[in-house]
Amino acid sequence: MIHKPKKLAFTPKKTDDVIFDFTNEELERGLGDIRWRLNNLYRIINKKKQVVIFRENEAQKYLYDGMHTRNVILKCRKLGFSTAIQILMLDTALFSPNETGRVIAQDLGIAEAIFRDVFKFAYDGLPDIFKTALPTASDPSKTVMEFRNDSRVEVSSNARGTTPTILHISEFGKIAAKDPGKAREIITGSITSVAEDGVIFVESTAEGEYGLFYDMVQNAVATAETGRKLWKLQFKFFFFAWFQNPDYTAPRNSVVLSSEDEEYFDEIQAETGYHLSPEQKAWYALYLRETYSGDRSSMWSEQPSTHAEAFKISTESAYFKNELKNARKQQRIGLCPHDPHYPVSTFWDIGANDETAIWFIQAKRTHFSIINFMEATGEPFAYFVKIMSEMSYTYGYHYLPHDANHRRQGAQRNMTPEEMLRELMPYWKFDLVPRTPDKQMAIQQTREVFHMCVFDEKNCAVGLRHLQNFLKDWDPRTGTWRNIPKKNPSRNAADAFLQFGQARAQGMFGEVSSSVLPNSNGLFGVGVGYEPAALGF
């Protein structure tokens, strides 16, 4: 039987990169179906830089099928979640009146590229009859396209702007890691402005175990695990692992798997119940070596196998890796309550990025009790003083960083942080920890006192996470770790703890006996079965 070619609704032009391969009948039937429109009307530039008709892949189908009013997406690289969201946003603006679709990106350059390469490209690529029926109200700018049905799509790099009905926050993890203040502004200025029936998409790759995106994902995962029906304002969690992408395969003989590779694949298969083919294993090993020079922590965040792995930090580069490992092994992280018989001293870091971190420490006869930690961004010193004054602590000294006597802008006049604090609390005792000329010396001084530290697990949970994420910086050129701290949101808390190590080394704080008394098992009795006598009380 000879099949006649179907008569297309639109005759292709010689200049067309791709053709619309549907008939008039298919167009009439499908035009009222949003999924049909999404998969037939819009041209995009794919990851191979080819012009194609947008057709949802497995990851995009997973999102469309399960979409909620609030959606948080922990993603692998190059699965097309952003494109799917933005094409949906454009279609909604074209076919529904009074809609505002808004994308917030990391910076203006990326925002303008999204507008040019997705919104404008897809609209310009529509058949002329659609552009006549769905015209723009004016010539688009680099960031805004308005239509005559009073709908619009726009891009931005900040939280200020019109109130959206559909909001897409792109790479929120990177935004939160780079600029926590901006991330907070996006939540308070944009997310909260969307009506209950509006739609929000927050997507990103992971950026370590900290930040507002991390918190948002953890909350969504916890909500999902309850199995309860979601309320409109609750975020639904989406995760699509690298091995769920059918494109991620390579010839099985293209790479020799190491024992570390094989061990990793065995763990992932046991954890997920998913059988990895030899071709998938080959792709993963090649991508790890060729793209990330063997840096597994980058692979975990960019191409994760599980949502927990996505936020995992390689302990290889952690400054306090061994110290924290030993603290857990010796049960020095657990229950360590405030002892009213000893004064509480505090150690501060006052960041130039407007972040303040404070550790609360009691010097005992045989050890240091790390009983509390607090931090905040963008808060005045009065905020911390108020909270600290309400604690049932008798304070010793408050140790400030060496630059706390540098002039900064106060509310009424130019003052140093030390002067501001002394003015707020004239009866508190303050001391400045002299600057250590070598950062590595300060780290080493803190390592040397770590074995005498006992942490309250609950009150210091955030601070301990910061110490765990106090990392060396990675040099992609040499493929090695640089012996300088990585700039991340954990730096302030770690620097505050370094103040403690430096003060101790310089004889400014708390003489503690060198003989730390373990219990009969050689462990410090912290946590379940905690015995005060085991710590020399």
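Computed from a predicted model, the values in this text were never measured in an experiment.

(A) Representation of the overall build of the chain within the structure. A tally of helices and strands in the chain yields 19 helices and 20 strands. Every one of the 537 residues in the chain was classed for burial, and the buried ones make up 51%. Of the contacts formed within the chain by residues at least 6 apart in sequence, a portion of 69% connects residues at least 24 apart. Total accessible area on the chain stands at roughly 26200 Å², and carbon and sulfur atoms take up 50% of it.

(B) The arrangement of helix α4 (residues 81–95) in detail. With 15 residues, α4 should reach 21 Å at 1.5 Å per residue; the first-to-last C-alpha distance of 21 Å fits that figure. Among the 15 residues of α4, 13 are classified as buried, and the element is accordingly described as predominantly covered.

(C) The pairing of strand β6 (residues 152–156), seen in detail. Most of β6 sits out of view: five of its five residues are buried. Alternating positions in β6 separate into two faces, Arg152, Glu154 and Ser156 on one and Val153 and Val155 on the other, with burial throughout. Summarising the sheet, strand β4 (residues 100–104) and β6 pair through five bridges and their orientation is parallel. Counterpart to Thr100 in the pairing with β6 is Arg152. Of the pairings in the sheet, the one linking strand β5 (residues 144–146) to β6 comprises three bridges and is antiparallel in character. Bridge pairing in β6 links Glu146 to Arg152. Hairpin geometry of β5 and β6 is characterised by an intervening segment of five residues between the two adjacent antiparallel strands and by a positive phi of about 70° at Asp150.

(D) Inspection of the layout of surface pockets at higher detail. Size it by volume and the largest pocket reaches roughly 1200 Å³. For the largest pocket, the lining is made up of 37 residues, of which Ile45, Asn46, Lys47, Gly80 and Thr83 are closest to its centre. Elements that contribute at least two residues to the lining of the largest pocket include exactly β1 (43–45), β2 (51–53), α3 (58–66), α4 and α5 (108–124). In terms of residue count, α5 provides more of the lining of the largest pocket than any other element does, five residues in total. Taken together, the residues that form the lining of the largest pocket break down as 15 nonpolar, eleven polar and eleven charged. Its boundaries defined by the atoms lining it, the second largest pocket holds a volume of some 730 Å³. Every residue lining the second largest pocket is counted, 33 residues in all, and those nearest its centre are Asp349, Lys439, Arg491, Asn492 and Asp495. Broken down by secondary-structure element, the contributors of at least two residues to the lining of the second largest pocket are α7 (172–178), α8 (180–189), β11 (344–350), α17 (439–450) and α19 (491–505). Sorting elements by how many residues they give to the lining of the second largest pocket places α19 first, with six residues. Broken down by class, the residue content of the lining of the second largest pocket amounts to eleven nonpolar, ten polar and twelve charged.

(E) Local environment of the sheet that holds strand β8 (residues 199–204). The strand order across the open sheet built from seven strands is β5-β6-β4-β7-β8-β3-β9, with neighbouring strands paired in mixed fashion. Pairing within the sheet leaves two strands with one partner each, and these edge strands are β5 and β9 (236–239). Across the sheet, the mean angle from the axis of one strand to that of its neighbour is 15°, orientation sign disregarded. Relative to β8, strand β3 (residues 70–74) is paired through five bridges, and the arrangement is parallel. Note that in β8 the partner of Asn71 across the bridge is Phe201.

(F) Structural detail: the environment of Phe239. With respect to the element layout, Phe239 can be found in strand β9. Residue Phe239 is classed as buried on the basis of its relative accessible area of 14%. Distance from Phe239 to Pro304, taken between C-alpha atoms, is 9.5 Å for residues 65 residues apart in sequence. When sequence neighbours within four positions are dropped, the list of residues in contact with Phe239 reads Tyr62, Leu74, Gln244, Pro304, Ser305, Thr306 and His307.

(G) Structural context of the sheet that holds strand β13 (residues 368–377). Spatially, β10-β18-β13-β12-β11-β14-β17 is the arrangement adopted by the seven strands of the open sheet, whose pairing is mixed. Strands with a single pairing partner mark the edges of an open sheet, and in this sheet they are β10 (333–334) and β17 (429–432). Bridging between β13 and strand β18 (residues 453–456) involves three bridges; their strand directions are parallel. Bridged to Ile370 within β18 is Phe455. Each of β10, β12 (355–363), β13 and β18 is contacted by helix α18 (residues 461–468), which is oriented at about 85° to β13, the strand it contacts most.

(H) Seen up close, the packing of aromatic side chains. Here the structure, examined in full by the defined rule, presents 42 aromatic pairs. Sitting above the plane of the Phe95 ring, Arg37 keeps its charged end 4.2 Å from the centroid.

Rules of the game
Residues numbered from 1 in each chain as written. Predicted model: local features only at pLDDT ≥ 70, side-chain atom pairs only at ≥ 80, totals over all residues. Heavy atoms only, no water. Helix = DSSP H or I, 4+ residues; strand = E, 2+ residues; numbered from the N terminus. Buried < 20%, exposed > 50% of the residue type's maximum accessible area, 1.4 Å probe, protein only. Contact = heavy atoms within 4.5 Å. Areas by Shrake-Rupley, 256 points an atom, 1.4 Å probe, with all protein chains shown as cover. Expected span 1.5 Å × (residues − 1). Pairing = 2+ DSSP bridges. 1 Å grid on protein atoms, 1.4 Å probe; cavity = no way out; pocket = protein on both sides within 12 Å on 5 of 7 lines; lining within 4 Å. Points joined across faces, edges and corners; volume = space filled by probe spheres on them. Nonpolar A, V, L, I, M, F, W, Y, C, P; charged D, E, K, R; others polar. Axes fitted to C-alpha atoms, helices over the stretch in contact; angles between N-to-C directions. Phe/Tyr/Trp six-rings, centres within 6.5 Å; stacked < 30°, edge-to-face > 60°. Lys NZ or Arg CZ within 6 Å of the ring centre and 35° of its normal.

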